[in-house]
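# Notes for the structure review
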Amino acid sequence: MTDYVKLKKVTADNWEAVVELELGAGQEDLVTSNLYSVAEAQFDPDARHLCREACRRLPDVQRAENEGQGEGSFDLSIHDPVFLRAIDALVVPGLLIGHRVISQGDELALLHEEMASLSFSAIERRLASGAARRVARELMNSMGFAGLPILRSTFGAPVWPAGIVGSMAHDDRIAVAAVGLRRDLDAVGIDIEPATPLPPDMLELIATPQERRAIADNPLGAKLLFAIKEAVYKAAYPLDQEFLDFHDIKVDLAGRLATTRAGRTLALHWCVFSHVLVVATVQKASMDYLPSS
Ligand SMILES: CC(C)(COP(=O)(O)OP(=O)(O)OC[C@H]1O[C@@H](n2cnc3c(N)ncnc32)[C@H](O)[C@@H]1OP(=O)(O)O)[C@@H](O)C(=O)NCCC(=O)NCCS
């Protein structure tokens with residue numbers, strides 16, 4: 001059984017048949033009707049861009065299988081179109097970023113040595129870790145580092161193959177990974193959170209008074225700060241091996257910079273769509289230690 005679909009052009013001859021296609025039971029609230037999508041494709045330039053972009057991102061093998069059809073295809077089961085668009089817009093110099101809808105069987109993508117390094121046995125965690133490693137491995141493959149394991153240290157941090165820097169994150173539906181060359185970056189951290197407001201009682205826990213002023217009226221500001229600090233922690237930990245509390249990281253949203261307790265400065269990149277996606281990078285030779293306060 002193939003795990004992807006092929007796309008065909010919707011034409012004057014088949015559009016009514018497309019509109020009549022019914023969703024499976026329970027899927028009605030997950031996607032819009034085909035009637036809406038056909039109309040959207042006619043009138044919304046963004047929708048057409050999205051489809052072209054998704055086709056451009058097809059793995060070579062799948063793109064080759066669809067050659068001759070003129071329309072291309074994309075793997076609807078593993079790519080979320082909203083993520084494709086958001087990630088495409090999030091350009092981080094020196095980094096490749098990818099995502100995957102966590103799918104049954106993703107735990108089988110864990111290599112033997114990766115399985116041995118995981119400290120958890122719950123199938124949901126293994127699925128998520130497998131999915132994130134699939135994404136990371138695809139990105140590494142495209143950089144010429146094929147089939148390499150990403151072990152997990154006793155503290156949870158991924159152990160990247162020599163020459164690679166990277167980071168992974170997942171929620172219960174999507175896994176993301178960012179990968180680059182150590183030649184270009186010292187470290188990277190990525191985090192993904194649903195774009196929903198953080199519970200108000202967590203605000204003081206995660207944000208300094210100055211940061212609270214900076215996010216004043218932004219309902220997603222606290223969630224953004226939360227995701228930034230988690231991404232910063234993931235980038236800084238492998239370099240410094242030190243636990244950081246939320247208040248050990250100071251965020252300058254306007255300057256898109258974060259500073260850790262040790263004085264390490266990180267560049268911040270983010271986008272907000274259905275999720276808050278943050279990437280924090282430690283540029284080469286960025287050990288700008290500040291006076292401790
Ligand atoms: C690392 C941490 C932030 C991950 O957050 P999470 O919401 O549990 O999980 P995410 O999906 O975002 O990320 C999980 C991935 O982070 C990576 N990760 C875990 N610990 C890490 C560490 N110490 N350093 C770098 N990356 C780490 C792993 O790749 C992991 O995926 P895997 O287990 O499949 O390999 C969190 O688990 C943690 O260790 N927190 C303690 C420090 C903290 O929270 N301080 C306050 C914020 S600064």
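In this report, the structure presented in the accompanying data block is examined. This structure is a prediction, so every number in the text was calculated from the model and none was measured. (Residues numbered from 1 in each chain as written. Predicted model: local features only at pLDDT ≥ 70, side-chain atom pairs only at ≥ 80, totals over all residues.)

## Some words on the overall build of the chain
A count of helical and extended segments in the chain gives ten helices and ten strands. Within the chain, the fraction of its 293 residues that count as buried is 29%. (Helix = DSSP H or I, 4+ residues; strand = E, 2+ residues; numbered from the N terminus. Buried ≥ 20, exposed ≤ 12 C-beta atoms within 10 Å, placed from the backbone.)

## Structural notes on the site of the ligand
Contacts to the ligand come from 22 residues, most closely from Ser-129, Gly-156, Ala-157, Ala-169 and Tyr-237. Class assignment for the residues of the shell around the ligand results in 13 nonpolar, three polar and six charged. (Near = placed C-beta within 6 Å. Nonpolar A, V, L, I, M, F, W, Y, C, P; charged D, E, K, R; others polar.)

## So, unusual backbone geometry
Residues other than glycine seldom take positive phi values, yet Gln-241 does so here, at roughly 50°. Note that Gln-241 resides in the loop between α10 (221–240) and β7 (249–252). In this structure, Arg-256 is a non-glycine residue whose phi angle is positive, near 55°. With respect to the element layout, Arg-256 can be found in the loop between β7 and β8 (257–260).

## Description of helix α7 (residues 123–142)
The first and last C-alpha atoms of α7 sit 28 Å apart over 20 residues, in line with the 28 Å expected at 1.5 Å per residue. Just downstream of α7 lies Gly-144, where phi reads positive at about 95°. (Expected span 1.5 Å × (residues − 1).)

## Side note on the sheet that holds β8
What the five strands build is an open sheet, ordered β6-β10-β9-β8-β7; its pairing is antiparallel. Of all the strands in the sheet, just β6 (185–194) and β7 have a single pairing partner and so form its edges. Each adjacent strand pair in this sheet contributes to an overall mean axis angle of 25°, direction not counted. Taken together, the six bridges between strand β9 (residues 265–272) and strand β10 (residues 275–283) define a ladder with antiparallel strand orientation. Within the sheet, the bridge partner assigned to His-269 lies in β10 and is Val-279. (Pairing = 2+ DSSP bridges. Axes fitted to C-alpha atoms, helices over the stretch in contact; angles between N-to-C directions.)

## As for the sheet that holds strand β4 (residues 164–170)
Here we have three strands laid out as an open sheet, ordered β1-β5-β4, and antiparallel in their pairing. Each having just a single partner strand, β1 (95–101) and β4 make up the two edges of the open sheet. Going across the sheet, the axis of each strand differs from the next one's by a mean of 15°, ignoring polarity. Relative to strand β5 (residues 174–181), β4 runs antiparallel, the two sharing seven bridges. Among the inter-strand pairings, Ser-167 is bridged to a residue of β5, identified as Ala-178.

## Focus: the environment of Gly-255
Here Gly-255 shows up in the loop between β7 and β8. Sequence separation between Gly-255 and Leu-268 is 13 residues; the distance between their C-alpha atoms is 8.7 Å.

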